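Each chain is listed here by its residues.
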Amino acid sequence: EGPWSILRPGDQPPATVSVTSPGGAVGAPHAVSSVRGVVAAWWNTDNPQNRIVAFHDARSGEVLAAKEVPAAVTDNPLPTVVSEDRTLLSAGPVLADSSTQQTVFAPAWKPSNATSGNIFGSLVTSSSTVRAQWTGRGEVVSLTEGAAVPWLVTDDGSAVVLDQLGDITRIAAVRKD
């Protein structure tokens, strides 16, 4: 709870970051994770039934995007995924595009990985799990059955792709398409 610190090389003391609170937030931030220079944190609001999940620049504390959600969302882990260019962000079921400030709350969403332009994950319900993606526009959409999901894209445009076979087995391959 409260501000976070950035470790510095050698014997230099850590730098404490002054965190900007998102609109409607009260109290101190509760940092959840840090990925690619983005800190996901939740904040209390005046309404105890709601909290704000915010994405902050790790070094400046600036708010990149924020979304008010039911408080119960922050009672669970918020796996955090950030695209390579730091524009698409996901902390559990909260997705944001830092370039447009668009945010989406998708209660069934579980993020897994991101490339520039896409966040991949699953839509999980009591009866099914469907692979899905978000492009920063609109809602999360289901992927077609058997769609390959890029896990990593190299400088030359090749991708390490995870192709799912059935419900469990995955095969990794390097593909240029």
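Quick summary incoming for the structure in this document. Every value quoted in this text rests on a predicted model; they were computed, and no experiment measured them. (Residues numbered from 1 in each chain as written. Predicted model: local features only at pLDDT ≥ 70, side-chain atom pairs only at ≥ 80, totals over all residues. Heavy atoms only, no water.)

1. A closer look at the packing of aromatic side chains
Phase 1 of the analysis: The full count for this structure, using the stated rule, is zero aromatic pairs.
Phase 2 of the analysis: Cation over ring: arginine 51 sits above tryptophan 42, and NZ or CZ is 4.1 Å from the ring centre. (Phe/Tyr/Trp six-rings, centres within 6.5 Å; stacked < 30°, edge-to-face > 60°. Lys NZ or Arg CZ within 6 Å of the ring centre and 35° of its normal.)

2. Overview of unusual backbone geometry
Phase 1 of the analysis: A positive phi angle is found at arginine 36, which is not glycine, with a value near 50°.
Phase 2 of the analysis: The topology assignment puts arginine 36 in the loop between strand E3 (26-35) and strand E4 (38-44).
Phase 3 of the analysis: Positive phi is not limited to glycine here, since glutamine 101 has a value of about 70°.
Phase 4 of the analysis: Inspection of the secondary structure puts glutamine 101 in the loop between strand E9 (94-97) and strand E10 (102-105).
Phase 5 of the analysis: Since its relative accessible area comes to 46%, glutamine 101 is described here as partly exposed. (Helix = DSSP H or I, 4+ residues; strand = E, 2+ residues; numbered from the N terminus. Buried < 20%, exposed > 50% of the residue type's maximum accessible area, 1.4 Å probe, protein only.)

3. Remarks on the environment of leucine 143
Phase 1 of the analysis: Secondary-structure assignment places leucine 143 in the loop between strand E14 (141-142) and strand E15 (149-153).
Phase 2 of the analysis: We classify leucine 143 as buried; its relative accessible area is 17%.
Phase 3 of the analysis: As a C-alpha pair, leucine 143 and arginine 131 span twelve residues in sequence and 5.6 Å in three-dimensional space.
Phase 4 of the analysis: Residue contacts for leucine 143: discarding those within four places in its chain leaves Phe120, Arg131, Ala132, Gln133 and Val149. (Contact = heavy atoms within 4.5 Å.)

4. Considerations on the pairing of E9
Phase 1 of the analysis: Both faces of E9 are covered, namely the face carrying Val94 and Ala96 and the face carrying Leu95 and Asp97.
Phase 2 of the analysis: Inspection of the sheet shows strand E8 (residues 88-91) paired to E9 by four bridges, in the antiparallel sense. Note that in E9 the partner of leucine 89 across the bridge is alanine 96.
Phase 3 of the analysis: Count of turn residues in the E8/E9 antiparallel hairpin: two residues, of which glycine 92 carries a positive phi of about 55°.
Phase 4 of the analysis: Here E9 hands over to E10 after four residues, with glutamine 101 in that stretch at a positive phi of 70°. (Pairing = 2+ DSSP bridges.)

5. With respect to the pattern of salt bridges
Phase 1 of the analysis: With the rule as written, the count across this model stands at three salt bridges.
Phase 2 of the analysis: Close ionic contact of aspartate 57 with arginine 86 constitutes a salt bridge, the shortest N to O distance being 2.8 Å. Linking aspartate 57 in strand E5 (residues 50-57) with arginine 86 in the loop between strand E7 (80-82) and E8, this pair joins segments that are 29 residues apart in sequence.
Phase 3 of the analysis: Here arginine 86 falls in the partly exposed class, since its relative accessible area comes to 26%.
Phase 4 of the analysis: In this structure, the salt-bridge partner of aspartate 97 is arginine 137, at a minimum N-O distance of 2.7 Å. Of the two residues, aspartate 97 is situated in strand E9 and arginine 137 in the loop between strand E13 (129-134) and E14; the sequence distance between them amounts to 40 residues. (Salt bridge = Lys/Arg side-chain N within 4 Å of Asp/Glu carboxyl O.)

6. As for the sheet that holds E3
Phase 1 of the analysis: The strand order E3-E4-E5-E6 describes an open sheet built from four strands, whose pairing is antiparallel. The open sheet has two edge strands with one neighbour each: E3 and strand E6 (63-70). On average, each strand axis in the sheet is tilted by 25° relative to the strand beside it, whichever way the strands run.
Phase 2 of the analysis: For E4 and E5, the ladder comprises seven bridges, and the chain directions are antiparallel. Each bridged residue has a counterpart across the sheet, and for tryptophan 42 the counterpart in E5 is valine 53. (Axes fitted to C-alpha atoms, helices over the stretch in contact; angles between N-to-C directions.)

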